[in-house]
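Given next are the chains, with one letter for each unit.
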Amino acid sequence: MHRRVIAVLATCLVLSGIVCAGDKASKDKTAKTKPTAGSMPVTASSPKARELYLRGIEDYENLYLERCNEDWRAAVKEDPGIALAWAWIAFNSRNPAEVTAARNQAKALVSKISPGEQLMVRWIANVQAGDYLAGISAMNDMLAMFPKDKHLLYLAGNWLMLENGNEPARKMFERALVLDKNFPAALNDAAYVYARNRQFAKAFAAMDRYVVLLPTEPNPHDSYGELLRMAGHFDQSLEHYRMALKIDPTFTSSQVGIADTYALMGNQARARMEYDKAIAQAHNDGDRIDYMMQKATTWVREANPTEADKAFAETAQKAHDLGMDLQEAQAHQRMAAYQSDDAVALKHLEVAEDALGHRPDISPLDRDEELSRVLRYRTVRASHAGNAELAQKTLQELGGMASSSRNLVIQGSYHGAAGALLAAQEKWLDAIAHLEEDQDDPFSMQLLSRAYYEAGASDKMHEVEARLRGTNVPTIEQAVVVPAVRLQKPSTT
């Protein structure tokens, strides 16, 4: 399994120096930071609180993503002054109110903790607040201060990877593995990087080592299952997910993995049965809503929009009732993705945007990323509906967001929207320049294949077409695009 973490300003890292390229203030500050041997200290008033915090870190690295929250909650109950535990609750909790409260607690304690801890708190708090330059600067300085802390290197690499910064992430994991060649968490994420690059032999070799290192933990088999599924080895994937559940029947990620795999195999009825088990076992409301959305997507895969609408509407209402604005917005944004009627899709996107403003406790980071997705699809749908004015106005708004933030989710949304608009105008070369910046998205891959064809770049067309057909990820974009593409004959041009 791969964890949920905050998005990062991935492209600005210069890994040889761990500084932000083009940011003189960051360079100057980092140059004055004295490297410290060993690991970051943990300021705590009691050994028990420190032990609970460290237990949470271990659980986090082993992907017990709710159990680690329980560890950190216990730590701050034992010692309300342990700032790092508050910071990690803010980093990992699925409850937006808890995230806000924990982040504020961590920030309030900054003056009472060590310089390295201060940098970690500022990293998390600034990024969640949408101040990426300040956040990345703090992270850079933290890594420069503790160059031999494998856990910090792992965390930075993990953060990068979730923003599709695969190459810099790989370098981070390699540095961690130089410090400890048998560091399980780094091996796990290194395997994901290889798989994303379609280097599955290397990914499976890393997974083989990971399984041997942690034979009594469920996550090695869970991760192996996910990577096998990415490679299209569905039966083997199911075997590993079941092995994970045999080790720990409460490791719900593997139950979801089974459901996702059946969905990608085309067995939607069985997938729904498996999702129901995961929904019943969910460790928190955020996970439960996510699993409900996954289940709703099975109806999209069955080309049954009526049932899909019912399931997504139920999920959106559940999220609304729980005060989970982000998930409510996501449900409506995903409903828009498969609508045949542009007007209906645009209405769902309007409701999604409204949901993002219901309460003040959604983080600026989450709000801006989801808003960028809403604006992306509004641009595309408005253009398809013939409303050029709305399409251009929305793209300009999205472009303003992209120009003021290097967040790669927002950048991807902008390039995907701009590329789609240019493709609709048959400006193929201009479209290619944008779509190549978002070529992991199935919608953009599909358009990029067409653009390469029109531009006479047949080799590139075949390459992106093969990648699209081989995309096995359980997302709404994959559900809408890939099954239909696979039913078509491959291009022979």
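Residue positions within a chain follow its written sequence, with the count starting from 1. Totals for whole chains, interfaces and linings use every residue, but because this is a predicted model, local features are given only for residues with pLDDT of at least 70 and side-chain atom pairs only at 80 or more, for both listing and counting. To get the side-chain values, take all heavy atoms of the structure and skip hydrogens and water.

A. The overall build of the protein chain, seen in detail. Helix and strand definitions follow DSSP, with helices as H or I runs of at least four residues and strands as E runs of at least two, each counted in order from the N terminus. Within the protein chain, the regular secondary structure consists of 26 helices and two strands. As defined in this context, the radius of gyration uses C-alpha atoms, and a globule is described by 2.2 Å times the residue total to the power 0.38. Compactness check: the protein chain gives a C-alpha radius of gyration of 22 Å against a globular reference of 23 Å for 493 residues, within 12% of the reference. Each of the three principal axes of the protein chain carries a C-alpha extent, and together these read 60 × 50 × 45 Å. Burial status across the protein chain gives 58% buried among its 493 residues. When contacts within the protein chain are restricted to residue pairs at least 6 apart in sequence, long-range pairs at least 24 apart make up 60% of them. Only protein chains enter the accessibility calculation, which uses a 1.4 Å probe; a residue is then buried when its area is under 20% of its type maximum, exposed when over 50%, and partly exposed in between. When checking whether two residues touch, look at their non-hydrogen atoms; a contact exists if any pair is within 4.5 Å.

B. Broad picture of the packing of aromatic side chains. Two aromatic rings from Phe, Tyr or Trp, using only the six-membered ring of Trp, form a pair when their centres are within 6.5 Å; if the ring planes differ by under 30 degrees the pair is stacked, by over 60 it is edge-to-face, and anything between is tilted. Considering all chains together, one arrives at 13 aromatic pairs under this definition. Taking 5.4 Å as the distance between ring centres and 45 degrees as the angle between the ring planes, the aromatic pair formed by W72 and W88 counts as tilted. A residue pair is termed long-range when its members are at least 10 positions apart, and W72 in helix α3 (residues 67-78) and W88 in helix α4 (residues 83-92) qualify at 16 residues. Owing to a relative accessible area of 0%, W72 belongs among the buried residues under this scheme. Judged by relative accessible area, which is 5%, W88 ranks as buried. Pairing F91 with W123 gives two aromatic rings, centres 6.3 Å apart and planes at 65 degrees, and the pair type is edge-to-face. On the criterion of sequence distance, the pair formed by F91 in helix α4 and W123 in helix α6 (residues 115-128) is long-range, its members being 32 residues apart. Across the pair, exposure class does not vary: F91 and W123 are buried alike. Look at NZ for Lys and CZ for Arg. If either is within 6 Å of the ring centre and within 35 degrees of the ring normal, a charge sits over the ring. R67 extends its terminal NZ or CZ atom over the ring of Y64, reaching a point 3.6 Å from the ring centre. A cation over a ring is seen here: R272 above W299, with NZ or CZ 3.5 Å from the ring centre.

C. Structural detail: the pattern of salt bridges. Salt bridges, as used here, are contacts in which a Lys or Arg side-chain nitrogen is within 4 Å of a carboxyl oxygen on Asp or Glu. Scanning all chains against the criterion turns up 22 salt bridges. The partner of D59 in a salt bridge is R67, with the nearest N and O atoms 2.8 Å apart. Judged by relative accessible area, which is 6%, D59 ranks as buried. Taken together, the shared-partner salt bridges in this structure form one network comprising E66, R73 and E98.

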